Amino acid sequence: MPILLGMALLTVPLLRDFHFESAMLAGIIGCFWAAFHVSNPSSNNDLLSTLKILGTLYIAAIPLFIFSAVSGCLTFDGFGFWIFIPFPSTYFGAAIGRLVRHFKLAFPKLIVSLILLCIAAGILVIEFFSYPQVYFYNHVWGLWPGPIYDESVKISGSFLYFRWLTFLWILLLWMLPDWSQILQTKLITVLTLICLLFSYMNLDEAGIISPATTIQERLGGVQQTKHFNLYFDEQFYSQDEIDYWAARHEFHFQVINEILQVKWPKGRKIDSYLYAHAWQKKKITGAKFTSYVPIWLPQDQLHIAKQQLAGVLKHEMVHVISKRFGNDLFNGSWSIGLIEGLAEGIAKDASSQTTLHQIVAAEKPWPSADQMKSALSVSGFYGSAGAISYTTAGSFVEYLLDEFPVNHFKKVYADADFETAYQKSFESLISGWHQTLAKTTLDSVDQQVSEFIFARRSLFEKQCPHAITEALRLWDRYQFFLADQDTSRAHQQLQDLYDLTPNNALVKHAWSRIQLQNGNYETVAKSITSQDTLLELQVLKADALFLAKDFVGADSVLNSISAKIQSSPAPNFRFTIPLRKDSLQWDYHTRRRYQRFYPDSIQFHKQNLPNKMLALNKSILDGKFTYTRKYAGFLSDHTFDPEWFDIYAGTLDKLAFLGDYDLALSWLSSINKLELRERYAERAAQMEKWIHFLANNKAVAD
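Residues numbered from 1 in each chain as written. Predicted model: local features only at pLDDT ≥ 70, side-chain atom pairs only at ≥ 80, totals over all residues. Heavy atoms only, no water.

Colleague: A description of helix 21 (residues 426–439) should follow, citing residues and the corresponding values.
Modeller: The first and last C-alpha atoms of helix 21 sit 20 Å apart over 14 residues, in line with the 20 Å expected at 1.5 Å per residue. For helix 21, the full list of buried residues reads Phe426, Leu429, Ile430, Gly432, Trp433, His434, Thr436 and Leu437. (Helix = DSSP H or I, 4+ residues; strand = E, 2+ residues; numbered from the N terminus. Expected span 1.5 Å × (residues − 1). Buried < 20%, exposed > 50% of the residue type's maximum accessible area, 1.4 Å probe, protein only.)

Colleague: Just give me the short version of the state of the cysteines, but keep the residues and values in it.
Modeller: Counting across every chain of the model gives zero disulfides. Among the cysteines around Cys31, which has no disulfide bond, Cys118 carries the closest sulfur, lying 13 Å off. (Disulfide = S-S within 2.5 Å.)

Colleague: If you had to explain the packing of aromatic side chains to someone new, which residues and values would you point to?
Modeller: With the rule as written, the count across this model stands at 55 aromatic pairs. Residues Phe546 and Phe551 carry aromatic rings whose centres are separated by 5.2 Å and whose planes lie at 65° to one another, so their mutual orientation is edge-to-face. An aromatic cluster of at least three residues, connected via ring pairs, comprises Phe20, Phe81, Tyr135, Tyr137, Trp144, Phe159 and Phe162. A cation sits over an aromatic face here: Lys306 above Tyr237, 5.0 Å from the ring centre. (Phe/Tyr/Trp six-rings, centres within 6.5 Å; stacked < 30°, edge-to-face > 60°. Lys NZ or Arg CZ within 6 Å of the ring centre and 35° of its normal.)

Colleague: Let's hear about the sheet that holds strand 3 (residues 220–224): which residues, and what values?
Modeller: Taken together, the four strands give an open sheet; going across it, the order is 3-4-5-6, and neighbouring strands pair in mixed fashion. Whereas interior strands pair on both sides, the edge strands pair on one side only; in this sheet they are strand 3 and strand 6 (301–305). Here the strands of the sheet are splayed against their neighbours by 20° on average, with no regard to which way each runs. Sitting on the sheet, helix 10 (residues 212–219) touches strand 3, strand 4 (228–233), strand 5 (270–275) and strand 6, and the angle it makes with strand 5 is about 45°. Strand contacts of helix 12 (residues 278–285): strand 4, strand 5 and strand 6, with the helix running at about 135° to strand 6, the strand carrying the most contacts. (Pairing = 2+ DSSP bridges. Axes fitted to C-alpha atoms, helices over the stretch in contact; angles between N-to-C directions. Contact = heavy atoms within 4.5 Å.)

Colleague: Tell me about unusual backbone geometry, and please be specific about residues and values.
Modeller: Following Lys364, the chain continues to Pro365 via a peptide bond in cis, the omega torsion being 0°. Mapped onto the secondary structure, Pro365 falls in the loop between helix 15 (356–361) and helix 16 (369–375). In this structure, Gln423 takes a positive phi of about 55° despite not being glycine. Assignment of secondary structure puts Gln423 in the loop between helix 20 (418–422) and helix 21.

Colleague: Provide a residue-level description of the environment of Ser22, including the pertinent values.
Modeller: Within the secondary structure, Ser22 sits in helix 2 (residues 20–39). If we ignore the near neighbours within four places in the chain, the residues touching Ser22 are Leu15, Asp17, Leu64 and Trp82.

Colleague: Describe the environment of Gly267, listing the residues and the values that go with them.
Modeller: Examined against the element boundaries, Gly267 turns out to sit in the loop between helix 11 (239–260) and strand 5. Taking relative accessible area as the criterion, Gly267 reaches 71% and is therefore assigned exposed. The spatial distance from the C-alpha of Gly267 to the C-alpha of His227 is 7.5 Å, given a sequence separation of 40 residues.

Colleague: Describe the nonpolar core, listing the residues and the values that go with them.
Modeller: Counting 102 residues, the largest nonpolar core has Leu342, Phe396, Phe409 and Phe418 as its most contacted members. With ten residues, the single largest contributor to this core is helix 11. The residues touching Phe418, leaving out its near neighbours within four places in the chain, are Leu338, Leu376, Phe396, Leu400, Val412, Gln423, Lys424, Phe426 and Leu429. In terms of nonpolar packing, the next biggest core, distinct from the first, is built from 50 residues, Cys31, Ala94, Phe159 and Leu165 among them. (Core = buried A, V, L, I, M, F, W, Y, C linked by side-chain atoms within 4.5 Å.)

Right, dumping it as structure tokens:
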């Protein structure tokens with residue numbers, strides 16, 4: 001029977017994996033089963049009978065273990081979770097059942113059920129509505145590690161510390177029935193109580209809970225604006241960066257409130273936690289690459305890592321402001337699709353090139369009314385890849401906001417009752433949305449963006465949702481050290497990764513870039529051969545030969561790939577040849593790309609337009625705003641072209657923040673005269689609002 005039950009789990013996504021989800025289920029079953037069995041007045045030999053229950057659970061896990069091993073999904077962490085979740089949880093249940101049996105209470109099974117439910121659900125509810133963290137530990141079911149979109153779930157020191165607490169509780173509860181009989185049991189009981197007392201005094205330091213005050217202390221920095229308290233890691237944010245993000249917070253706040261027609265309570269402030277990087281956020285809150293807003297807490301707040309700020313700040317702020325018309329239980333909507341669709345429909349950040357409607361319109365057939373009902377539900381929303389669910393819901397909500405008064409949406413948001421809010425059937429709303437999609441103009445770029453987004457798979461569709469290869473682990477460590485500003489260790493991780501997978505083209509590309517930055521030109525030139533088919537690698541080889549003063553070899557490589565470059569549809573190759581038009585332009589390009597070169601006025605004017613534009617972009621990315629102002633001034637009379645729109649957007653963003661409003665408006669005027677893509681036009685309109693916002697709120701900008 002256990003084997004058959006284990007085989008039945010193989011049909012359930014995630015639970016078929018020999019990892020924490022199936023271990024959680026086993027822990028819950030084992031805990032309640034042992035509690036029921038041991039609480040029986042006729043029960044005896046509690047240790048052995050509990051061990052038999054555990055044996056049954058582990059027999060049921062055999063099909064999961066075999067499946068994970070055969071499919072290559074078996075991990076050390078999964079094995080660890082199956083040790084540290086079912087084993088302590090089952091004995092924890094047995095200890096409670098044993099204590100209830102000792103007191104000879106009526107209805108023992110009912111009593112242990114209520115106790116375990118209070119521990120399993122009651123404590124979770126208390127923590128959920130008390131702390132901003134999104135990870136949770138529990139003596140019954142073990143742990144919830146945070147957003148499963150982060151995928152990699154590992155055994156942590158905090159989890160082991162918590163299981164130490166479970167062990168202490170087991171020991172204490174096991175000793176209590178006989179604690180006064182002999183001196184030995186008295187000593188064990190007292191020592192266990194003391195250990196529990198001291199252990200519970202360090203829950204936040206151990207990472208078991210993350211109160212807001214503890215997070216603020218760990219980050220250290222704080223800056224206040226009219227509507228926000230910004231808490232940030234002082235070692236990773238300069239004052240200029242914080243001033244900029246403070247202004248962006250206030251700007252998005254104003255725009256979103258205008259769209260949703262929300263009257264913000266006077267004096268009410270939002271706490272914005274800005275982490276150094278995703279890995280710090282994971283350690284403190286349980287969410288790694290997932291930015292989030294705990295809308296269920298009374299205090300309004302955002303939690304975002306530095307690398308994600310530009311892409312998600314507006315999206316997450318919509319969640320905060322929409323609390324004003326959310327439901328009474330957790331300030332949100334009963335439809336997860338409406339929660340995320342509203343944020344996506346206002347932020348519109350699914351693509352920098354294509355609108356939400358264009359992304360959805362390019363993927364036929366469009367969702368039917370029944371499919372959209374499912375997509376707006378929890379199971380349907382998370383059943384698809386995040387990009388698909390967010391984009392589809394975002395397009396639908398954008399249609400609702402554009403075609404109907406915003407108050408209609410605010411009514412439907414809390415309870416997802418479309419017919420009451422809109423006085424229309426859900427089917428007619430979907431039909432209207434389809435008509436909008438049918439009128440949406442598309443081109444090849446929109447098709448490519450749509451295909452890329454809709455090709456993604458959800459966590460439930462992946463064969464090994466939690467298995468991380470050694471190569472991916474090294475890449476993650478490489479990215480961590482880069483974000484942590486430890487370049488020497490980052491380069492060592494990349495070298496280890498390259499040694500492990502020398503034929504991986506993407507790894508080789510990253511490794512070659514670093515080698516060129518470190519001056520190892522000949523090493524790169526020798527490592528890239530004709531067998532490397534990735535076009536970017538051959539371009540790097542040409543750069544390496546040029547930097548090594550082998551100009552003939554550099555020209556030879558560039559000429560050999562010139563036809564492929566010119567026929568490539570990839571936008572990153574559009575200016576590869578012009579950037580290397582002659583030795584002067586090539587020299588400027590390689591010095592800028594690999595040697596932190598910023599041209600002076602004379603050098604800047606000697607460059608061709610692609611080199612000038614990339615020099616401007618580099619100054620923005622590196623935060624060298626003195627150069628940004630200078631280069632933007634030099635380029636104010638160039639012939640504007642939509643090809644450079646992303647650099648235009650970055651330039652306007654920084655010019656406005658720096659207070660160069662006249663130059664920014666001059667650039668914007670030239671941009672608006674261009675024939676822009678629909679998404680570019682949306683972004684240009686936002687740029688204009690940003691410039692006027694800062695001009696009218698100089699105190700924020702200063």
